[in-house]
Amino acid sequence: QVQLVESGGGLVQPGGSLRLSCAASGNTFSVIAMGWYRQAPGKQRELVARIVTGGGTIYSDSVRGRFTISRDSAKTTVFLQMNSLKPEDTAVYFCNAQRPRMGVPIDYWGQGTQVTVSS
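A brief look at the structure comes next. Remember, it's a predicted structure, so these values are computed and weren't measured experimentally. (Residues numbered from 1 in each chain as written. Predicted model: local features only at pLDDT ≥ 70, side-chain atom pairs only at ≥ 80, totals over all residues. Heavy atoms only, no water.)

Next up on the list: the overall build of the protein chain. When its secondary structure is counted, the protein chain shows 0 helices and 11 strands. Its helices and strands in sequence order give the protein chain the pattern β-β-β-β-β-β-β-β-β-β-β, from N to C terminus. In terms of overall size, the protein chain behaves like a compact globule, its C-alpha atoms giving a radius of gyration of 14 Å where 119 residues would be expected to give roughly 14 Å. Taking all 119 residues of the protein chain together, the buried fraction comes to 42%. (Helix = DSSP H or I, 4+ residues; strand = E, 2+ residues; numbered from the N terminus. Rg over C-alpha atoms; globule rule 2.2 N^0.38 Å. Buried < 20%, exposed > 50% of the residue type's maximum accessible area, 1.4 Å probe, protein only.)

Structure representation (structure tokens):
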């Protein structure tokens, strides 16, 4: 099992910045990727950014150039630096970790943190 705890959400004005953190614990030694997803009211959960074991990153088109995903040296905490925030970035942001079990990647999720971009 992998436990994920997010922090850093809140209310910010358009154009502002926030930094989300996600701390992983438990069986983190075999985690192959960590990332951030978000879900706005009435919409499906969508990928925001992802970082894999080797350090490669993936961003959604809507956040590329504004958001940056990174991790600590122990690879157990991931960060999402969000700049130039827009009202459409408002959503619950979920931390995700993938860990293979018998060759099948299993998803683990945090409880989510609310990000609201509004004036």
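What follows covers the environment of Ser 73. By the secondary structure assignment, Ser 73 is in the loop between β7 (67-71) and β8 (77-82). Spatially, the C-alpha atom of Ser 73 lies 19 Å from that of Ile 58, the residues being 15 residues apart in sequence.

Okay, the pairing of strand β11 (residues 113-117) next. Along any regular strand, the residues point their side chains to alternate faces of the sheet. Side chains of β11 alternate between two faces, with Thr 113, Val 115 and Val 117 buried and Gln 114 and Thr 116 left unburied. Pairing of strand β2 (residues 10-12) with β11, which is carried by 3 bridges, proceeds in the parallel orientation. When the bridges of β11 are listed, Val 12 appears paired with Val 117. Across 3 bridges, the pairing between strand β9 (residues 91-101) and β11 is antiparallel. The partner of Val 92 across the bridge, within β11, is Gln 114. (Pairing = 2+ DSSP bridges.)

Under the criterion given, the structure shown has 1 disulfide. A sulfur-sulfur distance of 2.0 Å marks the disulfide that ties Cys 22 to Cys 95. One disulfide, between Cys 22 and Cys 95, carries an S-S torsion of -85° and so falls in the left-handed class. In this pair, Cys 22 is assigned in strand β3 (residues 18-26) and Cys 95 in strand β9, connecting sequence segments 73 residues apart. The two residues Cys 22 and Cys 95 agree in class, both being buried. (Disulfide = S-S within 2.5 Å.)

Taken as a whole and assessed by the stated rule, the structure comprises 1 aromatic pair. Ring centres of Tyr 37 and Trp 109 lie 5.1 Å apart, and the angle between their planes is 75°; this geometry places the pair in the edge-to-face category. With Tyr 37 in strand β4 (residues 33-39) and Trp 109 in strand β10 (residues 104-109), this residue pair connects regions lying 72 residues apart in the sequence. What makes Tyr 37 buried here is its relative accessible area of 18%. Trp 109 gets classed as partly exposed once you look at its relative accessible area, which sits at 36%. It is Arg 19 that lies over the ring of Phe 79; its NZ or CZ is 4.1 Å from the centre. Its guanidinium or amino end placed over the ring of Trp 109, Arg 45 lies 4.6 Å from that ring's centre, counting from NZ or CZ. (Phe/Tyr/Trp six-rings, centres within 6.5 Å; stacked < 30°, edge-to-face > 60°. Lys NZ or Arg CZ within 6 Å of the ring centre and 35° of its normal.)

Read these as geometric descriptors, not functional statements.
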